[in-house]
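# Structure at a glance
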Amino acid sequence: MNRLLRRWLWPAPDEPRARTNLVGGAVVAALLLFWVVVFYLVTEVFWTLP
């Protein structure tokens, strides 16, 4: 399993639930931002339609 996902999916027993939820939300937001940048670069910079 990916190290980043492993820490989120199986947190330490003494880890606060709120912190785990924040880390999970940050992972999802970072992945969404990554894909937004990729799609922007592909459609606007590298492959522009006439």
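Here goes a summary of the coordinates provided. (Residues numbered from 1 in each chain as written. Predicted model: local features only at pLDDT ≥ 70, side-chain atom pairs only at ≥ 80, totals over all residues. Heavy atoms only, no water.)

### Looking at the overall build of the protein
- The helix and strand inventory of the protein stands at 2 helices and 0 strands.
- Taken over the C-alpha trace, the protein has a radius of gyration of 16 Å; the compact-globule value for 50 residues is 10 Å, which it surpasses by more than 25%.
- Seen through its principal axes, the protein has C-alpha atoms that stretch 55 × 20 × 10 Å.
- For the protein, the proportion of its 50 residues judged to be buried stands at 6%.
- Carbon and sulfur atoms make up 69% of the accessible area of the protein, which totals about 4800 Å². (Helix = DSSP H or I, 4+ residues; strand = E, 2+ residues; numbered from the N terminus. Rg over C-alpha atoms; globule rule 2.2 N^0.38 Å. Buried < 20%, exposed > 50% of the residue type's maximum accessible area, 1.4 Å probe, protein only. Areas by Shrake-Rupley, 256 points an atom, 1.4 Å probe, with all protein chains shown as cover.)

### Some words on the pattern of salt bridges
- A full pass over the atoms with the stated rule returns 1 salt bridge.
- Here glutamate 15 and arginine 19 are joined by a salt bridge, their closest N and O atoms 2.8 Å apart.
- Judged by relative accessible area, glutamate 15 falls into the partly exposed class, the value being 28%. (Salt bridge = Lys/Arg side-chain N within 4 Å of Asp/Glu carboxyl O.)

### Remarks on the side chain of threonine 20
- Tracing the chain through its elements places threonine 20 in helix α2 (residues 17–46).
- According to the relative accessible area criterion, threonine 20 is buried, its value standing at 13%.
- Aside from chain neighbours lying at most four places away, what touches threonine 20 is Trp8, Pro11 and Glu15. (Contact = heavy atoms within 4.5 Å.)

### Focus: a nonpolar patch on the surface
- A cluster of nonpolar residues, Leu33, Val36, Val37, Tyr40, Leu41, Val42, Val45, Phe46 and Trp47, forms a patch on the protein surface that exposes about 920 Å² of accessible area.
- Structurally, phenylalanine 46 is set in helix α2.
- Exposure remark for phenylalanine 46: the relative accessible area of 64% places this residue in the exposed category. (Patch = residues over 30% accessible without salt bridge, like charges linked within 9 Å, V, L, I, M, F, W, Y side chains within 5 Å.)

### A few points about the packing of aromatic side chains
- Scanning the entire structure with this criterion turns up 2 aromatic pairs.
- Relative to tryptophan 35, the ring of phenylalanine 34 has its centre 5.1 Å away and its plane inclined at 75 degrees; by these criteria the two rings are edge-to-face.
- In this structure phenylalanine 34 comes out as partly exposed when scored by relative accessible area, which is 44%.
- For tryptophan 35, a relative accessible area of 46% corresponds to the partly exposed category.
- Taken together, Phe34, Trp35 and Phe39 form an aromatic cluster joined through their ring pairs. (Phe/Tyr/Trp six-rings, centres within 6.5 Å; stacked < 30°, edge-to-face > 60°.)

Bear in mind that shape data such as this cannot, by itself, settle questions of function.
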